[in-house]
Amino acid sequence: MEFGVIVPQGWKMDLVDIADPVEAYEAMTRVAQEAEKLNFDSVWLYDHFHTVPTPTQEVTFECWTSMAALARDTKRVRLGQIVTCNSYRNPALLAKMASTVDVMSHGRLVLGIGAGWYEHEYNAYGYPYPSGPDRLRMLREALQIIHAMWSQEEAHFEGKYYQVRGAINQPKGVQKPHIPILVGGGGEKVTLKLVAQYADACNVGGPIENIKHKLEVLKGHCDALGRDYDSIKRTAIVDDCAIARTDEEAVAKLPANMRANIDEARKRALIGTPDMIRERIAEYEAAGIQELIIRFSDATKIEPLHLFAETCMH
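First, a word on scope: everything that follows refers to the structure included in this document.

### A few points about the overall build of the protein chain
Next, step 1: A tally of helices and strands in the protein chain yields twelve helices and twelve strands.
Next, step 2: Relative to the 2.2 N^0.38 estimate, which gives 20 Å for 314 residues, the radius of gyration of the protein chain is 19 Å and therefore close to what a compact globule would have.
Next, step 3: When its C-alpha atoms are laid out on the principal axes, the protein chain stretches across 60 × 45 × 35 Å.
Next, step 4: Burial status across the protein chain gives 55% buried among its 314 residues.
Next, step 5: A total of about 13600 Å² of accessible surface is found on the protein chain, and carbon and sulfur atoms cover 52% of it.
Next, step 6: Each charge sign in the protein chain was given a centre, from 35 positive and 43 negative side chains, and these centres are 4 Å apart.

The following block contains the structure:
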């Protein structure tokens, strides 16, 4: 099993105790550097412009400029987004950005991408908010353009939503045959089919039984398309990890709404002692997951990363 850390960048109030934005950035990059020292395999950023689900005035660093900085602040870990919102950047530009960051990182980038969902953010920043089916159709076209930008000397694409006419993208990145693409989401009819068609990795979440089901659906799409299911890296997101020496200490770290529904929370999060969390990790592995991408709500304190690395990563 591989392990990734979702680096605090503010949108989930995970930098709320740090008033100065420079100090907040240094806290963010310090978590990434510490994760690297502790032999985590990857670090990840969310792609949001302000806090979720309630917009506030708290610091929230933009994903891709932060990604470029982390490319230079780290040396070994893979770098990804969980996941880039396709609607926020023209896909040809995004492919160019990713190529540049892959070079900056000496070939450590993963391009994570999804159809987008946070309607308030679209409205606040002036982006149109198409219907779900349209956002998925846009994602399909975007994935084709990104592949073209990374494989053709001059990319051409005529779609309903996007047109690219002779776009040159040099350099195309370091990794061969191209930068890995992770498509996030568990939509069974469209999203997981897009994974089978265009992606090198998937990302799903929720309880273990849900993850098992989504992977079965993905395998069905691969079989129908003639794609080798095992060529797709299977990742899962764990949006909360509360680890401590005792279960009581771990539960105390959780927000009130999770403590009030602790049995349900345990199905979706990693909560408890190292022994308890190792048991949960084994369940993910048995379900077919190859990498867990984990958010530690108290990551800026660093100690939880150490405890997890020392007791759960073997």
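More follows now that the structure is in view.
### Topic: the environment of K172
Next, step 1: With respect to the helices and strands, K172 occurs in the loop between β7 (163-167) and β8 (181-184).
Next, step 2: Along the backbone, K172 and G272 are 100 residues apart, and their C-alpha atoms lie at a distance of 44 Å.
Next, step 3: Apart from residues lying up to four places away in sequence, K172 is in contact with S99, M149, W150, S151, Q152, E153 and I179.
Next, step 4: Reaching out from K172, the side chain makes a polar contact with the backbone oxygen of N169 at a distance of 3.3 Å.

### Concerning the environment of I168
Next, step 1: As for its position among the elements, I168 is in the loop between β7 and β8.
Next, step 2: Put simply, I168 and W150 are 18 residues apart on the chain and 9.5 Å apart in space, counted from C-alpha to C-alpha.
Next, step 3: If near-sequence neighbours (up to four positions away) are discounted, I168 is found in contact with E153 and E154.

### Digging into the packing of helix α5 (residues 132-151) against helix α6 (residues 191-198)
Next, step 1: For the pair α5 and α6, interaxial distance at closest approach is 11 Å and the crossing angle is 10°. By the angle between their axes, α5 is roughly parallel relative to α6. Counting all contacts with α5, which are made through L136, L139, R140, L143, Q144 and H147, the residues of α6 involved are T191, L194 and Y198.

### A few points about unusual backbone geometry
Next, step 1: Here the bond from V52 into P53 is cis, since omega is 0°, no more than 30 degrees from zero.
Next, step 2: Relative to the helices and strands, P53 resides in the loop between β2 (42-45) and α2 (63-73).
Next, step 3: Cis geometry marks the peptide bond from Q170 to P171, where omega comes out at 0°.
Next, step 4: Relative to the assigned elements, P171 resides in the loop between β7 and β8.
Next, step 5: Residues other than glycine seldom take positive phi values, yet H106 does so here, at roughly 60°.
Next, step 6: We classify H106 as exposed; its relative accessible area is 63%.
Next, step 7: With phi around 70°, I302 is a residue other than glycine that occupies positive phi space.
Next, step 8: Considering the arrangement of structural elements, one finds I302 in the loop between β12 (291-296) and α12 (303-312).
Next, step 9: For I302, a relative accessible area of 15% corresponds to the buried category.

### Details of the packing of aromatic side chains
Next, step 1: Counted according to the given criterion, the structure contains eleven aromatic pairs.
Next, step 2: Ring geometry for F3 and F308: centres 5.4 Å apart, planes at 80°, overall edge-to-face. Separated by 305 residues along the polypeptide, F3 in strand β1 (residues 2-6) and F308 in helix α12 bring together distant segments of the chain.
Next, step 3: Note on F308: relative accessible area 0%, which makes it buried.
Next, step 4: Arranged with centres 5.9 Å apart and planes meeting at 20°, the rings of F40 and F308 form a pair that is stacked. You can see F40 sitting in the loop between α1 (21-37) and β2 and its partner F308 sitting in helix α12, a full 268 residues away along the chain. When sorted by exposure, F40 lands in the same class as F308, which is buried.
Next, step 5: Feature note: the residues F49, Y88, Y122, Y125, Y127 and Y129 constitute an aromatic cluster, connected by ring pairs.

### Side note on the packing of α6 against helix α7 (residues 208-225)
In a packed pair of helices, the relevant descriptors are the angle between the two axes and the axis-to-axis distance.
Next, step 1: Packing of α6 against α7 leaves a shortest axis separation of 9 Å and a crossing angle of 50°. Between α6 and α7, the crossing angle belongs to the class labelled oblique. Crossing of α6 against α7: the hand is right-handed. Residue-level inspection shows L192, K193, V195, A196 and Q197 of α6 in contact with α7, the latter providing K214, V217, L218, H221, C222 and L225.
Next, step 2: A class-by-class count of the residues in the contact of α6 with α7 yields seven nonpolar, two polar and two charged.

What counts and how
- Residues numbered from 1 in each chain as written.
- Predicted model: local features only at pLDDT ≥ 70, side-chain atom pairs only at ≥ 80, totals over all residues.
- Heavy atoms only, no water.
- Helix = DSSP H or I, 4+ residues; strand = E, 2+ residues; numbered from the N terminus.
- Rg over C-alpha atoms; globule rule 2.2 N^0.38 Å.
- Buried < 20%, exposed > 50% of the residue type's maximum accessible area, 1.4 Å probe, protein only.
- Areas by Shrake-Rupley, 256 points an atom, 1.4 Å probe, with all protein chains shown as cover.
- Lys, Arg positive; Asp, Glu negative; His and termini not counted.
- Charge placed at Lys NZ, Arg CZ, Asp CG, Glu CD.
- Contact = heavy atoms within 4.5 Å.
- Polar contact = N/O pair within 3.5 Å; in protein donor to acceptor, adjacent residues only side chain to side chain.
- Axes fitted to C-alpha atoms, helices over the stretch in contact; angles between N-to-C directions.
- Parallel < 35°, antiparallel > 145°, perpendicular 65-115°, else oblique.
- Phe/Tyr/Trp six-rings, centres within 6.5 Å; stacked < 30°, edge-to-face > 60°.
- Left-handed = near helix turned anticlockwise from the far one by under 90°.
- Nonpolar A, V, L, I, M, F, W, Y, C, P; charged D, E, K, R; others polar.

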